[in-house]
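# Structure at a glance
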Amino acid sequence: MEEQVYKKYGAGQVTETMLQEAAVLFSENYGVWGEQATGKFAKPGSRVRLSKDRLRSQCLPDNATCFYARVTVDGQLAGNAFACRWTVNDKTVCWVTQLVVDRNYRERGLAKGLLNQIKQNDVDIYGLMSSHPAACLAAAKAFGDSIRTLQLGPIGKYADEIMKVSPISYVKDAKLRGSVFNPSDTSGLVSSVDSGFFVDHNEPLGALAWVREETDWPLGELFDGHEFLIILEARHRSRSRPTSRPKSGF
Ligand SMILES: CC(C)(COP(=O)(O)OP(=O)(O)OC[C@H]1O[C@@H](n2cnc3c(N)ncnc32)[C@H](O)[C@@H]1OP(=O)(O)O)[C@@H](O)C(=O)NCCC(=O)NCCS
């Protein structure tokens, strides 16, 4: 039987070797640039790549509290997740800034397992932007209940105030789109961001069609250069809320 091992680390514990492995995992498995991609390194059809240094500045910036979870299967790095915390109006936000599973290890619950590692007792709000419906399904299950019971209200309520003060620049700069934010939006977008990230959507659109056969998909359409936006209020089943919060475990 294969051995799955999950580990999580504070930003200061992430070594250059771990970061290099994460950059390779991303560059080999994230996806390819779409037709509308422009820029020196964004050639339509070529893989979206990240260097170790870019990954550090994007996902582990010095000005933020970040952490990292990874899973190995029989010793091989099979997937990882980066997340970042910040506080808004006394609420602790935890945002998943990257989630990638090696394509040879997908659809066996590793994304959900990684997000379970990211979960912390003192978090009030979780967030994620992703073009891949599977990332949203995994987040809805790990941080809430399921996509079927996902509430759109907290997305409309919190997105603007928490994202505009994010220490992660691409989260801060993302433009909110969809009927959750603008009731007169009839485009088919429900909860999306225009991130200007023109990754090819063939794979996520295929997944979306499949998911829609199985369940009501609450987040609407996926447009080029856009991503779904998911924000969930943490459910604190078994704890009475402390008056002073414990510090993060990292
Ligand atoms: C998105 C991604 C991380 C999912 O990883 P994974 O380990 O396969 O996901 P899981 O096995 O935990 O599955 C999560 C849910 O999505 C579903 N799912 C996974 N892949 C799917 C697919 N291709 N089509 C439809 N549903 C899919 C699973 O059935 C599961 O749903 P369930 O809990 O209702 O059963 C992986 O596909 C990936 O790395 N994609 C490329 C990078 C990317 O888009 N990352 C997100 C950016 S933040």
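Residues numbered from 1 in each chain as written. Predicted model: local features only at pLDDT ≥ 70, side-chain atom pairs only at ≥ 80, totals over all residues. Heavy atoms only, no water.

### Describing the packing of helix α3 (residues 110–118) against helix α4 (residues 133–143)
Any two packed helices are characterised by the angle at which their axes cross and by the distance between the axes. It is at 9 Å that the axes of α3 and α4 come closest, and there the two elements cross at 45°. The angle between the axes of α3 and α4 places the two elements in the oblique class. Viewed along their axes, α3 and α4 form a crossing whose handedness is right-handed. Contact residues: A111, K112, L115, N116 and I118 in α3; A135, A138, A139, K141, A142 and F143 in α4. For the contact of α3 with α4, the class distribution of residues is eight nonpolar, one polar and two charged. (Axes fitted to C-alpha atoms, helices over the stretch in contact; angles between N-to-C directions. Helix = DSSP H or I, 4+ residues; strand = E, 2+ residues; numbered from the N terminus. Parallel < 35°, antiparallel > 145°, perpendicular 65-115°, else oblique. Left-handed = near helix turned anticlockwise from the far one by under 90°. Contact = heavy atoms within 4.5 Å. Nonpolar A, V, L, I, M, F, W, Y, C, P; charged D, E, K, R; others polar.)

### Quick look at the sheet that holds strand β2 (residues 65–73)
Read from one edge of the open sheet, eight strands run β1-β2-β3-β4-β5-β8-β7-β6, paired in mixed fashion. This sheet does not close on itself; its edge strands, each paired only once, are β1 (4–10) and β6 (175–177). Pairs of neighbouring strands in the sheet enclose a mean axial angle of 25°, with direction left out of account. Two strands pair when backbone bridges link them, and strand β3 (residues 76–88) and strand β4 (residues 91–101) are joined in this way by ten bridges, in the antiparallel orientation. Its bridge partner being in β4, A83 is matched across the sheet by V96. Each of β1, β2, β3 and β4 touches α3; the most contacted strand, β4, lies at about 150° to it. (Pairing = 2+ DSSP bridges.)

### Some thoughts on the site of the ligand
Residues in contact with the ligand amount to 23 residues; listed here are only the nearest, L99, V101, E107, G109 and K141. Measuring from an oxygen atom of the ligand, one finds a backbone N or O atom of V101 at 2.8 Å. Relative to its free-state accessible area of 930 Å², the ligand is covered by the protein chains to the extent of 85%. Where the shell around the ligand is concerned, the elements lending two or more residues are β4, α3, β5 (125–130), α4 and α7 (202–214). Classifying every residue of the shell around the ligand gives 14 nonpolar, four polar and five charged. (Near = heavy atom within 4 Å. Polar contact = N/O pair within 3.5 Å; in protein donor to acceptor, adjacent residues only side chain to side chain. Areas by Shrake-Rupley, 256 points an atom, 1.4 Å probe, with all protein chains shown as cover.)

### Overview of helix α5 (residues 153–163)
What α5 keeps buried is the set P154, I155, Y158, A159, I162 and M163. The buried side chains of α5 occupy one side of the element, clustering within an arc of 125° when seen end-on. (Buried < 20%, exposed > 50% of the residue type's maximum accessible area, 1.4 Å probe, protein only. Arc of directions from axis to C-beta.)

### Details of the nonpolar core
Ranked by size, the top nonpolar core spans 78 residues in total, and within it W95, I162 and M163 carry the most contacts. The biggest single contributor to this core is β3, with eight residues. Those residues in contact with I162 that lie beyond four places of it in its chain are W86, V88, V93, W95, I125 and I231. (Core = buried A, V, L, I, M, F, W, Y, C linked by side-chain atoms within 4.5 Å.)

### Focus: the UniProt feature "domain: N-acetyltransferase" (unreviewed entry) in the protein
In the numbering used here, UniProt assigns the feature "domain: N-acetyltransferase" (unreviewed entry) to residues 57–119. Between the end C-alpha atoms of residues 57–119 there is a gap of 23 Å, over a span that is 19% helix and 52% strand. (UniProt positions renumbered as here; feature names shortened; annotations may be inferred.)

### Some points on the pairing of β3
Within β3, eleven of the 13 residues are buried, which leaves it mostly tucked inside the rest of the structure. Pairing geometry for β2 and β3, over nine bridges, is antiparallel. Looking across to β3, one finds that R70 is bridged to N80. Adjacent in sequence and paired antiparallel, β2 and β3 are bridged by two residues, among which D74 carries a positive phi angle near 50°. What sits between the antiparallel neighbours β3 and β4 is a turn of two residues, in which N89 has the positive phi angle 45°.

### Regarding the packing of aromatic side chains
Inspection of the entire model under this criterion finds eight aromatic pairs. Plain terms: the ring middles of W217 and F228 are 5.1 Å apart, the flat faces sit at 70° to each other, and that makes the pair edge-to-face. Here F228 lies in strand β8 (residues 226–233) and W217 lies in the loop between α7 and β8, a separation of eleven residues in the sequence. Three or more aromatic residues joined by ring pairs form one cluster here, namely F26, Y30, W33 and F197. (Phe/Tyr/Trp six-rings, centres within 6.5 Å; stacked < 30°, edge-to-face > 60°.)

### A few points about unusual backbone geometry
For D74, which is not glycine, the phi dihedral falls at a positive 50°. Along the chain, the position of D74 falls in the loop between β2 and β3. With a phi close to 60°, E107 is a non-glycine residue in the positive phi region. Counting through the fold element by element, E107 comes out in the loop between β4 and α3. In this structure E107 comes out as exposed when scored by relative accessible area, which is 85%.

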